[in-house]
Amino acid sequence: MPFVFYDTETTGKHTSFDQILQFGAIRTNDDLEIEDSTNDVINVRCRRLPHVVPSPKALQVTHTACRALDEARLSHYEMMREILGRLNNWAPAIFLGYNSIKFDEPLLRQAFFQNLLPVYRTNTHGCCRGDLMLMAQAAAAYSPADIIIPIGDKGNQVFKLGMVVRANGIDFDEEDAHDALNDVKATIELARLIKRKAPVVWSTMIRNTRKHEANTFLANNDVFCLTNFFFGKQHTEIATMAGRNPDNSSEIATFDLSNSPTAYLKLTVEGLIGILAQSPKIIRVVKTNSQPTLMSFASRPPATKAPWLGDDLYRQRAHMIKDNKGFQERVSAALKGRRDDAEASPYVEGQIYDGFPTDGDESLQAEYHQIPWSKRPELCRQFSDKRLRELGLRLVYVEHPEVLSYKDRERMNRWLAERLLNESEVPWTTVFRALIDLEDMKLTAISAEERRQCKEIENYLHGIAGTFDAAAGA
């Protein structure tokens, strides 16, 4: 299966409320070779959405000129449709980024969701997803002689892309970083290095990109290694599967076998919910659709958690759990129950996982992109899902506000004011919050260029507020 390596540059770190500004991707064959330098590469940019305030820090780190935020050829909606078209042409494939499962992937899903496009493009219809940072971490744990991981000031391993590739002899100047396509090229080179020097780690982690294969591994191995990295430190435990969320087949509970199961086997569902929430973890949640680092019991690395207890004792403890169906059922119920009381988000962005569209709404979504903008407000009212109604009208407001009714336009003007000018504690960047952050940046701005950039950002932020005033008066 081919690979699609991708990366994004964004307005900030809020995966629900910031936006993608640049998307770069390259398709390779399964030997990591680019077969067509024209059709296997995409590099697109878009304009800033009117309700998104860029983080001053993000602009500084990426060296983004403020004027570039408004001068791109494509709107955000147009860019996302172009990206989806290319990904559809490339599928099925394994989608890989660097720190993508925690950052780029949620941003990409949000962008599809907010533009009424299929949300799960990278892990449905034969596609699956992985993360080269997880693969580099796996190589550091299970094949440490074959990859160099730099050490930070606090003595921990540092997995920043630029530092890792340079430590391993891959040419990647810091000036090249923070450009989506350059980051993709560096990620591909790192993938080639891991595949060449640590082939067992590579093949195992590629296996783990496939949800069904990760599930099969867990079902067929009573005892296995599970590795995570926290703050640059490896955490490998010997574990066994202890349950599965009945509402989400990708969510598995594993039990850390450095602990005796005896004290936990009779716990109630409520007691097990408490165990799931505590730290350090005894029962850990593993997502099999997010490339978990699952390795064979025999491959355990030297840094495995806890003193070695002996193969027989680990297997004995695993069988205590495997033979207790009641315990597994209660763990499964605890996985489901720990979210039953979760408070629903009041913002549509936070509702992305609150159910799938009906077949009827999916048909309307497809129709939405084919009809003239003037007809889309009426189509939005036909959605049974209120999320889609809201997002559909928002898109019209952003792309062609003139076709909205006076009532709808006034409501959206008030929404825009809340997004830009709110001075309360909200989960997105407002002009008020950005200006406060900018003041902190000014304190550390030493060079003339840094001071110039701070002034440019300040003028731009005031301009965003002024743009809203003009929109509100329209």
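Structural notes, computed from the coordinates. (Residues numbered from 1 in each chain as written. Predicted model: local features only at pLDDT ≥ 70, side-chain atom pairs only at ≥ 80, totals over all residues. Heavy atoms only, no water.)

## Looking at the sheet that holds strand S4 (residues 94-97)
Phase 1: One open sheet holds the 5 strands; their spatial order is S3-S2-S1-S4-S5, and the pairing between them is mixed. Each of the sheet's edge strands pairs with one partner strand only, and the pair in question is strand S3 (41-45) and strand S5 (128-131). Across this sheet, the average inter-strand angle for adjacent strands is 20°, counted without regard to direction.
Phase 2: With 4 bridges connecting them, S4 and S5 associate as parallel partners. Within S5, the position partnered with Ile94 by the bridge is Cys128.
Phase 3: Across the sheet, helix H2 (residues 76-90) touches strand S1 (3-10), strand S2 (20-28), S3 and S4, and the angle it forms with S3 is around 170°. (Pairing = 2+ DSSP bridges. Helix = DSSP H or I, 4+ residues; strand = E, 2+ residues; numbered from the N terminus. Axes fitted to C-alpha atoms, helices over the stretch in contact; angles between N-to-C directions. Contact = heavy atoms within 4.5 Å.)

## Here's the deal with the pairing of S4
Phase 1: The alternating pattern of S4 places Ile94 and Leu96 on one face and Phe95 and Gly97 on the opposite face, and all of these are buried.
Phase 2: Of the pairings in the sheet, the one linking S1 to S4 comprises 3 bridges and is parallel in character. Directly across from Val4, in S4, lies its bridge partner Phe95.
Phase 3: For the crossover from S4 across helix H3 (residues 100-114) to S5, the handedness is right-handed. (Buried < 20%, exposed > 50% of the residue type's maximum accessible area, 1.4 Å probe, protein only. Right-handed = clockwise from strand over helix to strand, strands pointing away.)

## A look at the sheet that holds strand S7 (residues 233-244)
Phase 1: Taken in spatial order, the 5 strands of this open sheet run S9-S8-S7-S6-S10, and their pairing is antiparallel. Looking at the sheet topology across the chains shown, the edges are occupied by strand S9 (283-287) and strand S10 (293-296). The average undirected angle you get between the axes of adjacent strands in this sheet is 45°.
Phase 2: As paired elements, strand S6 (residues 224-230) and S10 share 4 bridges and run antiparallel to each other.

## Side note on helix H10 (residues 311-322)
Phase 1: Helix length check: H10, at 12 residues, gives a terminal C-alpha distance of 16 Å against a target of 16 Å (1.5 Å per residue), a fit within 8%.
Phase 2: All of the buried residues along H10 are Tyr314, Arg317, Ala318, Ile321 and Lys322. Buried residues of H10, viewed axially, fall in a sector of 145°; they line one side.
Phase 3: Summarising the contacts, the buried residues of H10 are in contact with helix H8 (211-220), S7, strand S8 (251-256) and helix H11 (325-337). (Expected span 1.5 Å × (residues − 1). Arc of directions from axis to C-beta.)

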